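Structural overview
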Amino acid sequence: MKASNFIYIYEDSLEELLYTIYYLIQNRWKPIDIVSERNFVPNLVDESFKVKSNLLNIYEIWKERVGSPVLQTVKTVFLSSHPKKELILYYFLLHALKNPKTIYQHRDLKCVNEVLKIEKYVHRETHKMKGFLRFKEMKNGFLYAKMEPENCILFSLAYHFVRRMPNESFVIHDVKRNIYAFYTEKKLNFVEESQIKKLDLIFSDEELEMEKLWKTFFDTIAIQERENKNCQRNFMPKKYWKYLIEMGP
Amino acid sequence: MTIKEKLEILADSAKYDASCSSSGSARENKGGLGAGAISGICHSFSNDGRCISLLKILMTNCCMFDCKYCVNRKTNRVKRAIFTPEEICEITLSFYRRNYIEGLFLSSGVYKSPDYTMEKLIETIFLLRHKYHFSGYIHAKAIPGASDYLVKKLGLLVDRLSVNTELPSENGLKLLAPNKNYQKIEHIMDVVKQNKSKVFTPAGESTQMIIGASKDSDYDIMNRSSFLYETYDLKRVFYSAYISVNKDPFLPALELPPLQREHRLYQADFLLRFYHYKVEQLLDPLHPNFNILVDPKADWALRHLSEFPKEINKASYYDLLKVPGIGPTSAKKIIQGRKVFTITFEDLKKMGISVKRAKYFILCNGVYFANKEVFQKDFIEKNLVLETKEKIEDKKGQQLSLFYESE
């Protein structure tokens, strides 16, 4: 079998991707692309091949070979929405195997720079969303927030709020991916729409009043003589405005 | 008066305080509401581009002092309001649960007496911490002239305590803030410094100076900052471009706040704290003000061109920091990178290091970005200034006469 120059397909999870990359490197096969099953669109030119994992301890295998910081970086990059993240990770891991100790210093390699750029972007967006997320209070005491981040940051974001509001009940909805973080009675779960549907979601009596109060504060705290909307947009890009109460009408 | 009306008055009065930082405290959640975030979190950005991290309000804008630059001076006829401690707690907690804010910034006009005002601030924050078990970030202002035991009490409840220096010189303070003096202000800084610990103001203390209300030069201001950093271990000195709110014969009639000057002072402040510069390297009595057209570091480099260009693959960390456009993050990247490969101009770009300004001052593996003849003061200065002019012209409505500060 002539296995180089194939598009490799993996089954949508990080474990499967790690296995696919491991398998390719072991066989010295060079992919033209690696695509998740969900995103794969067949074309007439390229041949595709689906890899299926038969190993249980793929994390351990990689950890032993490249160390946990590299594996942590890979986990973060996997959360990104970058269309070529799999191929970038393939090259990154290929070089990490050769230089496990100095891989992060190799800024002359394109894949290292790409990986670090994506990793930074995911971290930055997580950090930004810790500030930009807006909860609305429901009659049943639940706090409910919607968001549409570029990257899949729901997991680390939810843990952030569990740490600071352990006694609350809240839902965070990633609208584009349609997944929910659901926290109540000190338990955090990641669930699908059907389980949220059971909740009675009506605004609490104070909710609209608090939103008005927040808008008042937001408008008052700006110094008119220093107005600088470019600067405001740089720090708080328009793509985040949709759910920001203070930027609404 | 409704809560909304009070908030309008008391947020409006607090907006001139520059600090909105929520970093430096890792206060843990102990079962109540809230926790610190060591890096700080910005929750929004107002129309002036400043970060909103804390609910920034005065407890009251009633004030017995008569500081000439202040909108709340005793002799001004403005609407006055007082928040009760419970009202402040309610807004703080409601905003915090909805993730609007990272915590509270509480300041106050001096009402009845400095001690009375401090007691009220303490009562409010005590309620937040002990009745409502709030562990979010709290920054409080200490009132100059308050008793030591009150400063100590407040310090144990908050993450950061600050007291405003107001003006960069004692004379300016006498003239414009006759009820305040340096001795009282510095005494509070000293009490905070002596008591600083993991539970007493874990995020340290900061201060603020008004720029452009008095005749002080940038040299005076930087010397004052440097003194404060060294003597009281301050975390930050904030600079606040003077905004003309009152008319007074002692105050300048500025139409626009001196924002570019404020910007240069912040740049110089960073040079003191993270780049190991001394005030004397940047300014001296003969050149007491920063060049508005070139940032202080580039200005220094232009005056010391004989030390350049620096070889990126050999220069020490401290030498790299002296290159305009290269900061601690880039310098560290370079040091790490050159251990495993030889860095070229292309590599710098790939590493995400901007060479727009740095290129005039560096060699990469012996290569200058253009022919060596352009390595001249005039040429470099012209290019750096051009860049600033473009930036300034970009900011609509801000007309700067090109030499107004340096003349």
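What you see is a predicted model; the values in this text were computed from it and never measured. Counting of residues starts from 1 at the beginning of each chain's written sequence and follows it residue by residue. Written order decides the labels, with chains lettered from A and ligands numbered from 1. It should be noted that, the model being predicted, local features are given only for residues of pLDDT at least 70 and side-chain atom pairs only at 80 or more, the latter also being counted only at that level, while totals for whole chains, interfaces and linings use all residues. Side-chain calculation: all heavy atoms of the structure are included, whereas hydrogens and water are not.

Section: the overall build of chain A
- Strands are runs of DSSP state E lasting at least 2 residues, helices are runs of H or I lasting at least 4, and numbering of each runs from the N terminus. Counting secondary structure elements, chain A contains 9 helices and 8 strands.
- Burial status across chain A gives 50% buried among its 249 residues.
- Throughout, a contact is declared for two residues whenever any of their heavy atoms are within 4.5 Å. A sequence separation of at least 24 residues applies to 69% of the contacts in chain A between residues at least 6 apart.
- To be clear on the numbers: accessible area is Shrake-Rupley with a 1.4 Å probe, and residue cover counts the displayed protein chains and nothing else. If you sum the accessible surface of chain A, you get close to 13,100 Å²; carbon and sulfur atoms cover 52% of it. Residue burial is assigned from relative accessible area. The probe radius is 1.4 Å, only protein chains are included, and a residue is buried under 20% of its type maximum, exposed over 50%, and partly exposed in between.

A look at the domain arrangement of chain B
All names here are of chain B.
- Domain start and stop positions are those given by an automatic or database domain assignment. Each assigned domain of chain B is listed here: domain 1 (3-282) and domain 2 (296-387).
- A C-alpha centroid distance of 38 Å is found between domain 1 and domain 2.
- Taken together, the contact between domain 1 and domain 2 spans 10 residues of the former and 10 residues of the latter.
- Reported buried area values correspond to the accessible surface (1.4 Å probe) lost by two parts on association, with both partners' losses combined. Summed over both partners, the interface of domain 1 with domain 2 comes to about 840 Å²; 67% of that surface belongs to carbon and sulfur atoms.

Regarding the packing of helix α1 (residues 14-26) of chain A against helix α4 (residues 85-98) of chain A
All names here are of chain A.
- Note on definitions: angles span 0 to 180 degrees between N-to-C directions of axes, and those axes are lines fitted to C-alpha atoms, for helices only across the stretch in contact. It is at 10 Å that the axes of α1 and α4 come closest, and there the two elements cross at 55 degrees. Comparing their axes, α4 and α1 come out oblique. At the point where α1 passes α4, the crossing takes the right-handed sense. Contact residues: α1 offers Leu-17, Leu-18, Ile-21, Leu-24 and Ile-25, while α4 offers Glu-86, Leu-89, Tyr-90, Leu-93, Leu-94 and Leu-97.
- Each residue gets one of three labels, nonpolar for Ala, Val, Leu, Ile, Met, Phe, Trp, Tyr, Cys and Pro, charged for Asp, Glu, Lys and Arg, and polar for the others, Gly among them. When grouped by side-chain class, the residues that make up the contact of α1 with α4 number 10 nonpolar, no polar and 1 charged. Oblique is the label for every angle not falling under 35 degrees (roughly parallel), over 145 degrees (roughly antiparallel), or within 65 to 115 degrees (roughly perpendicular). Two helices that cross are described as forming a left-handed crossing if the nearer one is turned anticlockwise from the farther one by less than a right angle, and a right-handed crossing if clockwise.

A word on the packing of aromatic side chains
- Pairing of aromatic rings covers Phe, Tyr and Trp, the last counted by its six-membered ring, and requires centre-to-centre distances within 6.5 Å; plane angles under 30 degrees mean stacked, over 60 mean edge-to-face, and any other angle means tilted. All chains considered together, the criterion is met by 36 aromatic pairs over all chains.
- The interplanar angle of 80 degrees and the centroid separation of 5.7 Å between the aromatic rings of Tyr23(A) and Trp29(A) together place this pair among those described as edge-to-face.
- The interplanar angle of 90 degrees and the centroid separation of 5.6 Å between the aromatic rings of Tyr277(B) and Trp300(B) together place this pair among those described as edge-to-face. Of this pair, Tyr277(B) sits in the loop between α8 (259-274) and α9 (279-282) while Trp300(B) is found in helix α10 (residues 296-303), placing the two residues 23 residues apart along the sequence. Of the two residues, Tyr277(B) and Trp300(B), both sit in the buried class.
- One aromatic cluster is present, formed by Phe6(A), Tyr8(A), Tyr19(A), Tyr22(A), Tyr23(A), Trp29(A), Phe49(A) and Trp62(A) through successive ring pairs.
- Placement of a positive charge over a ring is assigned whenever Lys NZ or Arg CZ falls within 6 Å of the ring centre and within 35 degrees of the normal to the ring plane. Here the guanidinium or amino end of Arg273(B) rests over the ring plane of Phe270(B), the centre of that ring lying 4.7 Å away.
- Looking at Lys322(B), its charged tip hangs above the ring of Tyr277(B), at a distance of 5.9 Å from the centre.

Description of the side chain of Lys297(B)
Residue and element names in this part refer to chain B.
- Position of Lys-297 among the secondary structure elements: in helix α10.
- Buried and unpaired, Lys-297 has no salt bridge, with Asp-295 as the nearest side chain of opposite charge at 6.9 Å.
- Think of a polar contact as two N or O atoms within 3.5 Å of one another; within protein, one of them needs to be a possible hydrogen donor and the other a possible acceptor, and neighboring residues in sequence only count if both atoms come from side chains. A polar contact of 2.7 Å, which involves the side chain of Lys-297, links it to the backbone oxygen of Leu-321.
- With near-sequence residues (within four places) excluded, Lys-297 lies in contact with Leu-271, Tyr-275, Tyr-277, Leu-321, Lys-322, Val-323, Pro-324, Gly-325 and Ile-326. Positive charges are assigned to Lys and Arg, negative charges to Asp and Glu, while His and the chain termini are left out of the count. Salt bridges, as used here, are contacts in which a Lys or Arg side-chain nitrogen is within 4 Å of a carboxyl oxygen on Asp or Glu.

A few points about the domain arrangement of chain A
Residues and elements named next belong to chain A.
- Domain annotation for chain A reports domain 1 (6-124) and domain 2 (133-247).
- Spacing between the C-alpha centres of domain 1 and domain 2 amounts to 32 Å.
- Counting residues at the interface gives 5 residues for domain 1, matched by 6 residues for domain 2.
- Taken over both partners, the interface formed by domain 1 and domain 2 buries close to 480 Å², and the fraction arising from carbon and sulfur atoms is 42%.
- Interface area lost by domain 1 to domain 2 is led by Leu-79, Ser-81 and Tyr-121, which between them contribute 83%.
- Taken together, domain 1 and domain 2 are joined by 0 salt bridges.
- Here domain 1 and domain 2 share 4 residue pairs in polar contact (both at pLDDT 80 or more) between them.

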